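Structural characterization, general
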Amino acid sequence: MARDLHTAQRFYGAVLGWEFTPGRLGEAFTVARAEGVPVAGIGALAGDLGVAVEWTVYFAVEDADVAASRIRERSGTIAVGPLSFAAGGRGALVADPDGAAFGIWEGPVSADWRVGKGQAPAWLELRTRNAFDAAIFYGGVLEWASGRVGCCEVSYENDQVVLRQGEDPVARLCSGPVETADHAPHARPLWRVHFRVPALEPAIEVATSLGGRTVSGITSNATEQWVAVRDPDGGLFTLNAALPLGLGGESKAPPPLLG
């Protein structure tokens, strides 16, 4: 969710190498593509709606009304919707019991839209008080690990809940302290999107030259390094890059998932 579409396209096009095509939901929406593959959507409605500029994770559901009812039943919050769109589809902005915002979408989804492979978002990360409790909430709402065809599978690994679509790991639910959120807003309960870049330092330089800023130090494990960044309007995301061969480091943060 952005304030100005042109400004957002200029920033993310330069930092992440995206190209943009019109979306189906009107002139204020655009689809970002990397090497022809859709990887994200940008809607320039933050100013009109009076909401923060931010990246929101959307989950596809078969019935938005049913999913919304499940969210309410499990002490989540419905902020907006479900709303119907003239171009087709229904969506809602919601939050889990800890306040982490996400979206639900009932409608058409591009067949090549994916997470965890190629130029797509590398992975999704939920920072929350208790990953196990969060997995129960999201599993009930979104029917994870239900056994139906195409459903996501869930495992508990190294104190984190790992979500896989087929063989591809796509998300982690991570427990951790959230009381520091007043001093580090990026540590509050939230979904964070990790985008891959060929190299971290050049991407940071481009981001800062266009008005973005880093809001964390660079963290690394044996294969990757990453940093939290805000775009010029405050939208939070994470840049990930593979470490050059022969370099590595220790990390206190959860290791990124590779598709």
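Whatever comes next refers back to the structure up there.
Now for a quick tour of the structure. Just so it is clear, the model here is predicted, and its values are computed rather than measured. (Residues numbered from 1 in each chain as written. Predicted model: local features only at pLDDT ≥ 70, side-chain atom pairs only at ≥ 80, totals over all residues. Heavy atoms only, no water.)

**Let's talk about the packing of helix H3 (residues 64-73) against helix H4 (residues 131-142)**
The following threshold applies: To obtain an axis, a line is fitted to C-alpha atoms, over the contacting stretch when the element is a helix, and the angle between two such axes runs from 0 to 180 degrees between their N-to-C directions. Helical segments are the DSSP runs of H or I of at least four residues, strand segments are the runs of E of at least two, and each set is numbered from the N terminus. These descriptions rest on fixed angle ranges, namely under 35 degrees for roughly parallel, over 145 for roughly antiparallel, 65 to 115 for roughly perpendicular, and the rest for oblique. Should the near helix be turned anticlockwise from the far one by less than a right angle, the crossing is left-handed, and should it be turned clockwise, the crossing is right-handed. Whether two residues are in contact is decided by their heavy atoms: any pair within 4.5 Å suffices. Think of it as three bins: nonpolar holds Ala, Val, Leu, Ile, Met, Phe, Trp, Tyr, Cys and Pro, charged holds Asp, Glu, Lys and Arg, and polar takes everything else, Gly as well.
The contact between H3 and H4 brings their axes to 8 Å, and the two run at 150°. With respect to H4, the axis of H3 lies roughly antiparallel. Remark: the crossing between H3 and H4 carries right-handed chirality. In this structure, H3 contributes Ala 67, Arg 70 and Ile 71 to the contact, and H4 contributes Phe 137, Gly 140 and Val 141. Here the contact of H3 with H4 is built from residues that sort into four nonpolar, one polar and one charged.

**Looking at the side chain of Thr 128**
Note the following rule: Definition of a polar contact: a pair of N or O atoms within 3.5 Å, with one able to donate and the other able to accept a hydrogen when the atoms are protein atoms, and with sequence-neighbouring residues admitted only if both atoms are side-chain atoms.
Within the fold, Thr 128 resides in strand S8 (residues 123-128). A polar atom in the side chain of Thr 128 sits 3.0 Å from the side chain of Asp 98.

**Section: the pairing of strand S9 (residues 153-157)**
Where a strand is regular, its side chains alternate between the two sheet faces. Selection rule: Strand pairing is assigned whenever DSSP identifies at least 2 bridges connecting the two strands.
Pairing of S9 with strand S10 (residues 160-165) involves five bridges; the strand directions are antiparallel. Note that in S10 the partner of Ser 155 across the bridge is Val 162. Connecting S9 to the next strand, S10, in antiparallel fashion are two residues, including Asn 158 with a positive phi near 55°.

**Considerations on the sheet that holds strand S7 (residues 101-106)**
The strands making up a sheet associate through hydrogen bonds between their backbones, and the pairing can be parallel or antiparallel. The sheet built from four strands is open, its strands ordered S4-S7-S6-S5 with mixed pairing. Only two strands of the sheet have a single neighbouring strand rather than two, namely strand S4 (58-60) and strand S5 (77-84). The sheet shows a mean angle of 20° between the axes of neighbouring strands, direction not considered. Relative to S7, S4 is paired through three bridges, and the arrangement is parallel. Bridge pairing in S7 places Ala 60 opposite Trp 105. The sheet contacts of H3 involve S5, strand S6 (90-95) and S7, and relative to S5 the element is tilted by about 170°.

**Observations regarding the pattern of salt bridges**
The line we're drawing: Think of a salt bridge as a Lys or Arg side-chain nitrogen and an Asp or Glu carboxyl oxygen that are within 4 Å of each other. Relative accessibility thresholds used throughout: buried, under 20% of the residue-type maximum; exposed, over 50%; partly exposed, between the two (1.4 Å probe, protein chains only).
Taken as a whole and assessed by the stated rule, the structure comprises six salt bridges. With its nearest N and O atoms 3.7 Å apart, the salt bridge here joins Glu 143 to Arg 70. In this pair, Glu 143 sits in the loop between H4 and S9 while Arg 70 sits in helix H3, placing the two residues 73 residues apart along the sequence. A residue is classified by how much of its surface remains accessible, and Glu 143, at 27% relative accessible area, is partly exposed. Its relative accessible area of 22% is what places Arg 70 among the partly exposed residues. Glu 73 is the partner of Arg 74 in a salt bridge, and the nearest nitrogen-oxygen pair spans 3.5 Å. Judged by its relative accessible area of 32%, Arg 74 falls in the partly exposed class.

**Overview of the packing of aromatic side chains**
Under the convention used in this document: Note on ring pairs: Phe, Tyr and Trp rings are taken, using the six-membered ring of Trp, and paired if centres are within 6.5 Å. Classes follow the plane angle, with under 30 degrees stacked, over 60 edge-to-face and the rest tilted.
What the rule picks out here adds up to 21 aromatic pairs. Each ring, one from Tyr 12 and one from Trp 18, has its centre 5.7 Å from the other, and the planes form 20°; the classification is stacked. The exposure class assigned to Tyr 12 is buried, which follows from its relative accessible area of 3%. Geometrically, the ring pair formed by Phe 59 and Phe 102 is edge-to-face, given 6.0 Å between the ring centres and 70° between the ring planes. With a gap of 43 residues between them, Phe 59 in strand S4 and Phe 102 in strand S7 connect regions that are remote in the sequence. The exposure class of Phe 59 is buried, given its relative accessible area of 12%. Taken together, the aromatic side chains of Phe 11, Tyr 12, Trp 18, Phe 20, Trp 55, Phe 195 and Phe 237 make up a single cluster linked through ring pairs.

That's the geometry; what it means functionally is another story.
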